[in-house]
Protein chains: 2
Amino acid sequence: TGDKQKQKPPPVAHYNLNNVTTTPNPLENRENILILTPMARFYPAYWDNILRLEYPHELITLGFILPKTKEGNEATRELQKRITKTQKHGPEKDRFKSIIILREDIDPPLVSQDEKERHKLENQKVRRAAMAKARNSLLYSTLGPSTSWILWLDADVVETPPTIIQDLASHDQAVMVPNCFQRYWNEEKQMMDERPYDFNNWQDSPTALDMAKKMNPDDILLEGYSEMATFRTLMAYMSREDGRLHEEMPLDGVGGAALLVKADVHRDGAMFPPFAFYNLIETEGFAKMSKRLGWQPVGLPNYKVYHYNE
Amino acid sequence: TGDKQKQKPPPVAHYNLNNVTTTPNPLENRENILILTPMARFYPAYWDNILRLEYPHELITLGFILPKTKEGNEATRELQKRITKTQKHGPEKDRFKSIIILREDIDPPLVSQDEKERHKLENQKVRRAAMAKARNSLLYSTLGPSTSWILWLDADVVETPPTIIQDLASHDQAVMVPNCFQRYWNEEKQMMDERPYDFNNWQDSPTALDMAKKMNPDDILLEGYSEMATFRTLMAYMSREDGRLHEEMPLDGVGGAALLVKADVHRDGAMFPPFAFYNLIETEGFAKMSKRLGWQPVGLPNYKVYHYNE
Ligand SMILES: Nc1nc2c(ncn2[C@@H]2O[C@H](COP(=O)(O)OP(=O)(O)O)[C@@H](O)[C@H]2O)c(=O)[nH]1
Ligand SMILES: Nc1nc2c(ncn2[C@@H]2O[C@H](COP(=O)(O)OP(=O)(O)O)[C@@H](O)[C@H]2O)c(=O)[nH]1
Ligand SMILES: [Mn+2]
Ligand SMILES: [Mn+2]
């Protein structure tokens, strides 16, 4: 390696964080986007949706983290297949700037990825702590000095508007969340319908704040459990058929299904707390941390993305 | 670029976090070290000391962040001069694997880097919040999937044992702090002497915990100010002439002058809170966060590094 080094001295990279813009018009300013996805299962529709994104793919880096389980191995293989197809054999314009795949080094706390099992209240704290660590590992390993925006996108988000990056960024907000719905077959109406899916996007309530005050600092408040009625204002229920697509509402808690974050928010230190932070954890704790850093999360109740229906 | 891309498809990088070891014997296991330094001024003795490190330089990546002030410009120029000398013209074995230089994008809260000015109590909260953000930006932009350890080393730490990386790592602790002293001219004894410098390495006291309990959650406790007597056990005062070099003590607060951290601690999410976290900020808040994540910080009262004497 001695000779090699002499020919090519080790690189010194200079970055002026000031020159990395994060503007309401990322496309015109050719801003780099990092799409980060924790992935337990591979859904072809997720990849199809990513491929349809109208933001220039050469400005998009994809980052994945998958568990080291059997299911994670299977998902990695399927993901890799689609990647190879796109990056090697697909049309030029489909190819992404670069792709990073991380495998977790810890055993996931739960074996089952079954929806009922993973949503059980008593399983939530360890599960969400593990998810927080996975998100942090992915973020810390992929965020670079020239990233402008991070789009968090869950592996089971199978449908977004193709202009989601431009649309969310146009608000020039630090932390931006669309409303995550789910399509389903409505037996009654005998037709396809949609319903709210992600209940982590909320505005705080006096009840919830009061509950937190009485809790042990290590305990966490969870949303969407009847055992724990918080009376928070849930963005999931705030969408209006006749509402403006770009109507904003400030949020105190956010979900991670789809979430656009200015890179500086993460750079300043906002991460996904894997412990109770103001009695909040993971993405909801992240919202609180962003607020503490001076960045108010904002949601778009009428701007929808869709979660897979198991 | 179309043709270029066809010849060389965009890279897909695979990383198994499980294969990145972090062991008591990093040298034998060829573990990658990231040395991170926030730098307001350039001290030649800092660079000389780095050059003397006996850990293989080809396994060391250096990362710097400098403020965008006039002083920061000056320091960047001097740093760059020494880098060029080492990486281009110096002996093979001195050259580091890679070097990343970041420039901050925010105006520093204080103009003066003068010791008296920067240590004033009322200036500390904004100053340390800014330092925390600088550390986080540096960390988030440089930590990669194959990093095993992070050595935080302040720009004014001008003397460490050349084996500091191996020595600290040999304890196999997640967060490891040597004792930071300062050499000075002792007028009385008419000879060179040394005195404790960094008071951020401490064990908690009932008084300090009580003070925190009565504080507003946004306020911070600071160490080393007579206006605020905490009665904490300070590692600075725990060194013994006849003590064992490798004697350990558990710590609740740590300083950042020299600090060895297992990469997984940061990956899990432990950062430098730029806000009051349990009434602690920056490196002291980091210690608390590490503890919350299950990693107990440990100090070595008799293992010394030396701070520049202004
Ligand atoms: N790396 C990793 N990703 C996971 C794990 N469990 C779930 N995920 C992914 O994390 C995201 C959120 O998890 P999910 O189970 O869908 O949460 P829910 O829809 O809120 O119930 C999805 O993209 C999952 O594929 C895990 O143990 N490790
Ligand atoms: N990037 C950056 N580094 C700074 C700034 N202020 C201080 N530093 C560096 O941060 C480290 C700690 O700061 P210092 O003033 O030495 O703290 P003290 O010794 O605890 O008083 C040193 O390496 C400084 O050179 C700043 O505004 N920006
Ligand atoms: Mn999901
Ligand atoms: Mn200093």
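Residues numbered from 1 in each chain as written. Chains lettered and ligands numbered in written order. Predicted model: local features only at pLDDT ≥ 70, side-chain atom pairs only at ≥ 80, totals over all residues. Heavy atoms only, no water.

Asks: Can you help me understand the interface of chain B and chain A in this one?
Replies: Frequently, the measure chosen for interface size is the accessible area that the parts lose on association. The interface of chain B with chain A comprises 58 residues on the first partner and 56 residues on the second. When chain B packs against chain A, close to 4800 Å² is buried across both sides, 54% of that on carbon and sulfur atoms. Its largest share of buried area at the contact with chain A, chain B owes to Tyr 140, Phe 275 and Arg 292 of chain B, together 15% of the area lost on that side. The residue Asp 268 of chain A makes a salt bridge to Lys 133 of chain B at a minimum N-O spacing of 4.0 Å. Along the contact surface separating chain B from chain A lie 23 residue pairs in polar contact (both at pLDDT 80 or more). Residue assignment for the side of chain B that touches chain A shows that the elements contributing at least two residues are helix H1 (2-7), strand E1 (12-16), helix H3 (70-89), strand E4 (98-103), helix H5 (121-142), helix H8 (263-268) and helix H9 (282-292) of chain B. Of the residues belonging to the side of chain B that touches chain A, the class tally is 27 nonpolar, 15 polar and 16 charged. Note: strand E1 (residues 12-16) of chain A against E4 of chain B, five bridges, orientation parallel. (Contact = heavy atoms within 4.5 Å. Buried area = accessible area lost by both parts, 1.4 Å probe. Salt bridge = Lys/Arg side-chain N within 4 Å of Asp/Glu carboxyl O. Polar contact = N/O pair within 3.5 Å; in protein donor to acceptor, adjacent residues only side chain to side chain. Helix = DSSP H or I, 4+ residues; strand = E, 2+ residues; numbered from the N terminus. Nonpolar A, V, L, I, M, F, W, Y, C, P; charged D, E, K, R; others polar. Pairing = 2+ DSSP bridges.)

Asks: I tried to follow a nonpolar patch on the surface on my own but got confused; where do I start?
Replies: All names here are of chain A. A cluster of nonpolar side chains, Trp 185, Met 191 and Met 192, forms an exposed patch at the surface whose accessible area comes to about 320 Å². Mapped onto the elements, Trp 185 comes out in strand E7 (residues 175-186). Classification of Trp 185 as partly exposed rests on a relative accessible area of 42%. (Patch = residues over 30% accessible without salt bridge, like charges linked within 9 Å, V, L, I, M, F, W, Y side chains within 5 Å. Areas by Shrake-Rupley, 256 points an atom, 1.4 Å probe, with all protein chains shown as cover. Buried < 20%, exposed > 50% of the residue type's maximum accessible area, 1.4 Å probe, protein only.)

Asks: What should I look at first to understand the coordination of the manganese ion (ligand 3) in this one?
Replies: Where a metal carries four tetrahedral donors, each ideal angle is 109.5 degrees; where it carries six octahedral donors, the ideal angles are 90 or 180 degrees. Residues and elements named next belong to chain A. In the first shell of the manganese ion (ligand 3), the protein supplies Asp 156 (OD) and His 307 (NE2), at 2.1 to 2.2 Å from the metal. On the criterion of sequence distance, the pair formed by Asp 156 in the loop between strand E5 (147-153) and strand E6 (157-159) and His 307 in strand E13 (residues 298-307) is long-range, its members being 151 residues apart. Neither Asp 156 nor His 307 differs from the other in exposure class; each is buried. (Donors = N, O, S within 2.8 Å, 3.2 Å for Na, K, Ca; no water.)

Asks: Would you explain the packing of helix H2 (residues 44-51) of chain B against H3 of chain B in this entry?
Replies: Residues and elements named next belong to chain B. Here H2 crosses H3 at 25°, and the two axes come no closer than 11 Å. One finds that H2 runs roughly parallel with respect to H3. Considering how the two elements wind past one another, H2 and H3 form a crossing that is right-handed. Residues Pro 44, Trp 47, Asp 48 and Leu 51 of H2 lie in contact with H3, whose contacting residues are Leu 79, Arg 82, Ile 83 and Thr 86. When the residues that make up the contact of H2 with H3 are grouped by side-chain class, the tally is five nonpolar, one polar and two charged. (Axes fitted to C-alpha atoms, helices over the stretch in contact; angles between N-to-C directions. Parallel < 35°, antiparallel > 145°, perpendicular 65-115°, else oblique. Left-handed = near helix turned anticlockwise from the far one by under 90°.)

Asks: I tried to follow the packing of aromatic side chains on my own but got confused; where do I start?
Replies: All chains considered together, the criterion is met by 18 aromatic pairs over all chains. Measuring from centroid to centroid gives 4.9 Å for Trp 152 of chain A and Phe 272 of chain A, while their planes differ by 85°, and the two rings are edge-to-face. In this pair, Trp 152 of chain A sits in strand E5 while Phe 272 of chain A sits in the loop between helix H8 (263-268) and helix H9 (282-292), placing the two residues 120 residues apart along the sequence. Assigned by exposure class, Trp 152 of chain A and Phe 272 of chain A land together as buried. On the basis of an interplanar angle of 25° and a centroid distance of 6.2 Å, the ring pair of Phe 277 of chain A and Phe 277 of chain B is categorised as stacked. (Phe/Tyr/Trp six-rings, centres within 6.5 Å; stacked < 30°, edge-to-face > 60°.)

Asks: Quick question: what am I supposed to make of the pairing of strand E5 (residues 147-153) of chain B here?
Replies: All names here are of chain B. Across the seven residues that make up E5, a large majority, seven, are buried. Pairing geometry for strand E2 (residues 32-38) and E5, over five bridges, is parallel. Across the sheet, residue Leu 34 finds its bridge partner in E5, namely Ile 150. As paired elements, E5 and strand E12 (residues 258-262) share five bridges and run antiparallel to each other. Residue pairing in the sheet places Ile 150 in a bridge with Val 261 of E12.

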